[in-house]
Amino acid sequence: MTSAPTRNARHGLRLRDRPEFSRKTAPLTMSASSMAKDAVAEMAASNFGSVIIVDADNKVEGVVTERDILRRLVNEGRDPAKTPLSDIMTANPRTAQADDDMLEWLRMMSNERFRRLPVVDEDGRLIQVLTQGDFVSYTWPDLLSQASSLGKATVMRNFPLVLIGAGILIYPLILALALGAFG
């Protein structure tokens, strides 16, 4: 199992910094005892690809995706009206916190092949669900811009050292030019 992403990532690289984080509608949630038929109806009505299974305190217990419905309900010939979500859910999914590093989660989601990331508060209560699709807009130009900004910040923080290094590099050049002018 891989390690958890970095908590308290730099501003601009946190999950909460994605525009989708605050703009998305509330996640679709149900209890583990709800029937699959009801979940499918709600998912279809709200155009959601998943339902997050939560307990009475809104703490994440599992996730049911369209893939879970196909594999564990339809493929196994179960009756949707009599199958509780607890029978088809992916239990104990990975959860993130809003200040986690976005790039680390994107890498982890890609490597481990999961597409939905419940984001919880410090007490484990569901806040939001981000999907891989929410990260698609984070393009190479965005990454390069972030890298450039971080590079500039690093250079500025170490500006005295940069000046010393530049002076050391420029001194021989000035000395050579001066000697060449008088020699």
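Use the structure listed above.
I will try to describe carefully the structure that is included in this document. Values in this document were obtained by computation on a predicted structure and should not be read as measured data. (Residues numbered from 1 in each chain as written. Predicted model: local features only at pLDDT ≥ 70, side-chain atom pairs only at ≥ 80, totals over all residues. Heavy atoms only, no water.)

Overview of the nonpolar core
Among the nonpolar cores identified, the biggest contains 14 residues, and Val51, Ile53, Val64, Ile69, Leu85 and Ile88 are the most heavily contacted of them. Elements with a contribution of two residues or more to this core: helix H2 (36-46), strand E2 (50-54) and helix H3 (66-74). A total of three residues in this core trace back to one element, the largest contributor, which is H2. Not counting the four nearest positions on each side in its chain, Val51 is found in contact with Leu28, Thr29, Met30, Ala39, Met43, Gly62, Val63, Val64 and Leu85. If you look at the next biggest cluster of nonpolar residues, it comprises 13 residues, including Ala96, Ala98, Met102 and Trp105. (Core = buried A, V, L, I, M, F, W, Y, C linked by side-chain atoms within 4.5 Å. Buried < 20%, exposed > 50% of the residue type's maximum accessible area, 1.4 Å probe, protein only. Helix = DSSP H or I, 4+ residues; strand = E, 2+ residues; numbered from the N terminus. Contact = heavy atoms within 4.5 Å.)

Remarks on the pattern of salt bridges
Here the structure, examined in full by the defined rule, presents ten salt bridges. A salt bridge links Asp99 to Arg14; its shortest N-O distance comes to 3.6 Å. On the criterion of sequence distance, the pair formed by Asp99 in the loop between strand E5 (96-97) and helix H4 (102-112) and Arg14 in the segment before helix H1 (19-23) is long-range, its members being 85 residues apart. Here Asp99 falls in the partly exposed class, since its relative accessible area comes to 24%. Among the ionic pairs, Glu20 bridges to Arg18, the shortest N-O distance being 3.4 Å. The burial state of Glu20 is the same as that of Arg18; both residues are buried. The structure contains a network of salt bridges with shared partners spanning Arg14, Arg16, Asp17 and Asp99. (Salt bridge = Lys/Arg side-chain N within 4 Å of Asp/Glu carboxyl O.)

Considering the side chain of Asp68
Looking at the secondary structure, you find Asp68 in helix H3. Look at Asp68 and you get buried, because its relative accessible area is 7%. Those residues in contact with Asp68, other than ones at most four positions away along the chain, are Val63, Leu73, Ile88 and Thr90.

What about the pairing of strand E6 (residues 116-120)?
With four of its five residues buried, E6 lies for the most part within the structure. As paired strands, E5 and E6 are joined by two bridges and run parallel to one another. Looking across to E6, one finds that Gln97 is bridged to Val120. Counting the residues that bridge the hairpin from E6 to strand E7 (residues 126-131) gives five residues, and of these Gly124 lies at a positive phi of roughly 85 degrees. (Pairing = 2+ DSSP bridges.)

Observations regarding the sheet that holds strand E3 (residues 60-65)
Spatially, the four strands line up as an open sheet ordered E1-E2-E3-E4, and their pairing is mixed. At either margin of the open sheet sits one strand with a lone partner, and together these are strand E1 (29-30) and strand E4 (90-91). Bridge count for E3 against E4 is two bridges, and the pairing is antiparallel. Residue pairing across strands places Gly62 opposite Ala91, the latter belonging to E4.

Notes on the side chain of Ser50
Mapped onto the elements, Ser50 comes out in strand E2. Among the polar contacts listed, one links the side chain of Ser50 to the side chain of Arg116, at a separation of 3.2 Å. Discounting residues that sit within four places of it in the chain, Ser50 has contacts with Leu28, Met43, Val63, Val64, Thr65 and Arg116. (Polar contact = N/O pair within 3.5 Å; in protein donor to acceptor, adjacent residues only side chain to side chain.)

Observations concerning H3
Buried residues of H3: Asp68, Ile69 and Leu73, and no others. The buried residues of H3 occupy an angular sector of 100 degrees when projected down its axis, which confines them to one face. Turned more than 90 degrees away from the buried face of H3 sit Leu70 and Arg71, all of them exposed. For H3, the elements touching its buried residues are H2, E3 and E4. (Arc of directions from axis to C-beta.)

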